[in-house]
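The lines below spell out each chain.
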Amino acid sequence: MSDATDASQLDLPPVIGHRGAAAAAPENTPAGMRMAHRLGARWVEFDVRLTADAQCIVLHDDTIDRTSDGRGVAARLTLAALRRYDAGAWFDKRFAGERIPSFDEIIVLLGELGLGANVEIKPAPGQEVETARAIVAVLQRSWPAHLPPPLLSSFSPVALEAARDAAPAIARGYLFGRVPANWRAEVERLGCVTVHCDARRLEQATAQAVIGAGYPLLAYTVNRPERARELLGWGLSAVFTDCPDRIIAGLSKDGKSSPKGPGIHT
Ligand code: G3P
Ligand code: MG
């Protein structure tokens, strides 16, 4: 994996599939990654956490209740136990049979599809350091050389610090809700190369301050093309969206992106 601590090497597209393509397929599943690719995304974002047997899995919530037919806290279940549950039928019967994927399995799929990734470190409370270290170890072992270097991110400064210490060369993004007044000191302290924030709580002046300081700014979760156009017009590098097809089509309309342009498969 090449060193991507320089943000200019990240090759970020303007549209990144959120949890795969969460409006069109069950989030954080192989089907979701395939759907994101089919809908034109070049990169996906997904969330990684630990099982009881310290395996990295792709799952957003602390529990499996919302996104599977099982119940329980993921960090208290083994990978084998988690794999028994259906992670697709809750979304739509067509996706019955999907499983909560291991991080390794998703990386293999990204390699097949040619998808880049923002890997969000989503630790259960108290597991920030071990989760970050485990994710970094998987990336160092398994990230396909033909893909663009991955971008880690987290809301947890402890996790970001652990990722930095374990693998300083893997690029890190600082995830905020609203960008706080002291954002720059925090981002510099942790050696992050990008800033990620909640699009609903972003004002143009803040965007200008971050971008003006030389940090690519990314915003989640943007499902309206008009808002995506506005944010990219402010100079944001990318938006995370549940519906990459809708956003890509919306950007094509006013010429900010073309069917052959960035973020779009031809
Ligand atoms: O990484 C962007 C976004 O995914 C952060 O929020 O809760 O959807 O993981 P969440
Ligand atoms: Mg996320």
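Scroll up for the structure.
Basis of the calculations
- Residues numbered from 1 in each chain as written.
- Chains lettered and ligands numbered in written order.
- Predicted model: local features only at pLDDT ≥ 70, side-chain atom pairs only at ≥ 80, totals over all residues.
- Heavy atoms only, no water.
- Salt bridge = Lys/Arg side-chain N within 4 Å of Asp/Glu carboxyl O.
- Buried < 20%, exposed > 50% of the residue type's maximum accessible area, 1.4 Å probe, protein only.
- Donors = N, O, S within 2.8 Å, 3.2 Å for Na, K, Ca; no water.
- Helix = DSSP H or I, 4+ residues; strand = E, 2+ residues; numbered from the N terminus.
- Axes fitted to C-alpha atoms, helices over the stretch in contact; angles between N-to-C directions.
- Parallel < 35°, antiparallel > 145°, perpendicular 65-115°, else oblique.
- Left-handed = near helix turned anticlockwise from the far one by under 90°.
- Contact = heavy atoms within 4.5 Å.
- Near = heavy atom within 4 Å.
- Polar contact = N/O pair within 3.5 Å; in protein donor to acceptor, adjacent residues only side chain to side chain.
- Areas by Shrake-Rupley, 256 points an atom, 1.4 Å probe, with all protein chains shown as cover.
- Nonpolar A, V, L, I, M, F, W, Y, C, P; charged D, E, K, R; others polar.
- Pairing = 2+ DSSP bridges.
- Right-handed = clockwise from strand over helix to strand, strands pointing away.

### Here we look at the pattern of salt bridges
It is possible for side chains bearing opposite charge to pair when their charged atoms get close. This model, assessed by the stated rule, comprises 18 salt bridges. Where Arg94 meets Asp92, a salt bridge forms, and the shortest distance between an N and an O atom there is 3.4 Å. The class for Asp92 is partly exposed, based on a relative accessible area of 27%. Put simply, Arg200 and Asp198 hold a salt bridge, and the shortest N to O gap is 2.8 Å. The exposure class of Arg200 is exposed, given its relative accessible area of 74%. Each of Arg19, Glu27, Asp61 and Arg66 takes part in a single network of salt bridges with overlapping partners.

### Structural notes on the coordination of the magnesium ion (ligand 2)
Four donors placed tetrahedrally around a metal ideally meet at 109.5 degrees, and six donors placed octahedrally ideally meet at 90 or 180 degrees. Protein coordination of the magnesium ion (ligand 2) is provided by Glu45 (OE), Asp47 (OD) and Glu120 (OE), with donor distances spanning 2.0 to 2.2 Å. Counting the intervening residues between successive donors of the magnesium ion (ligand 2) yields the motif E-x1-D-x72-E. Taken as a pair, Glu45 in strand β2 (residues 43–50) and Glu120 in strand β4 (residues 116–121) lie far apart in primary sequence, 75 residues in all. Across this residue pair, the class does not change: Glu45 and Glu120 are buried.

### Details of the packing of helix α4 (residues 128–142) against helix α5 (residues 157–166)
Relative orientation of the contacting elements α4 and α5 amounts to 40°, with a least axis distance of 8 Å. On the basis of their axis angle, the class for α4 and α5 is oblique. In this structure, α4 crosses over α5, and the sense of that crossing is right-handed. Of the residues in α5, those in contact with Glu128, Val129, Ala132, Val136 and Gln140 of α4 are Val158, Ala159, Ala162, Ala163 and Ala166.

### Section: the environment of Ala24
For Ala24, the location among the structural elements is in the loop between β1 (15–18) and α1 (30–38). Given a relative accessible area of 22%, Ala24 falls into the partly exposed group. A sequence separation of 62 residues divides Ala24 from Asp86, and the C-alpha atoms of the two residues are 17 Å apart. Contacts of Ala24, omitting those with residues within four sequence positions, involve Met35, Leu39, Phe91, Phe95 and Asp242.

### Quick notes on unusual backbone geometry
With an omega dihedral of -25°, the bond running from Tyr220 to Thr221 counts as a cis peptide bond. The residue Asn28 is not glycine, and still its phi comes out positive at about 55°. Tracing the chain through its elements places Asn28 in the loop between β1 and α1. Here the phi dihedral of Ala54 falls at roughly 60°; this positive angle occurs in a residue that is not glycine. Within the element layout of this structure, Ala54 appears in the loop between β2 and β3 (56–58).

### Description of the site of ligand 1
Inspection of the region around ligand 1 gives His18, Arg19, Glu45, Asp47, His60, Glu120, Lys122, Phe155, Leu175 and Tyr220 as its neighbouring residues. In this structure, Arg19 approaches ligand 1 through a side-chain N or O atom, which is 2.8 Å from an oxygen atom. Lys122 has a polar side-chain atom sitting 2.8 Å from an oxygen atom of ligand 1. For ligand 1, whose unbound accessible area comes to 290 Å², protein coverage reaches 91%. For the shell around ligand 1, the per-class residue count stands at 3 nonpolar, 2 polar and 5 charged.

### Comments concerning the pairing of strand β6 (residues 171–175)
Of all the 5 residues making up β6, 5 are buried; the element is thus mostly covered by neighbouring parts of the structure. Burial along β6 is two-sided: Ala171, Gly173 and Leu175 and Arg172 and Tyr174, pointing in opposite directions, are all buried. Two strands pair when backbone bridges link them, and strand β5 (residues 151–154) and β6 are joined in this way by 4 bridges, in the parallel orientation. Considered in β6, the bridge of Ser154 is made with Tyr174. With α5 bridging β5 and its parallel neighbour β6, the resulting β-α-β unit is right-handed. Relative to strand β7 (residues 194–198), β6 runs parallel, the two being bridged by 3 bridges. Of the residues in β7, the one forming a bridge with Gly173 is Thr194.

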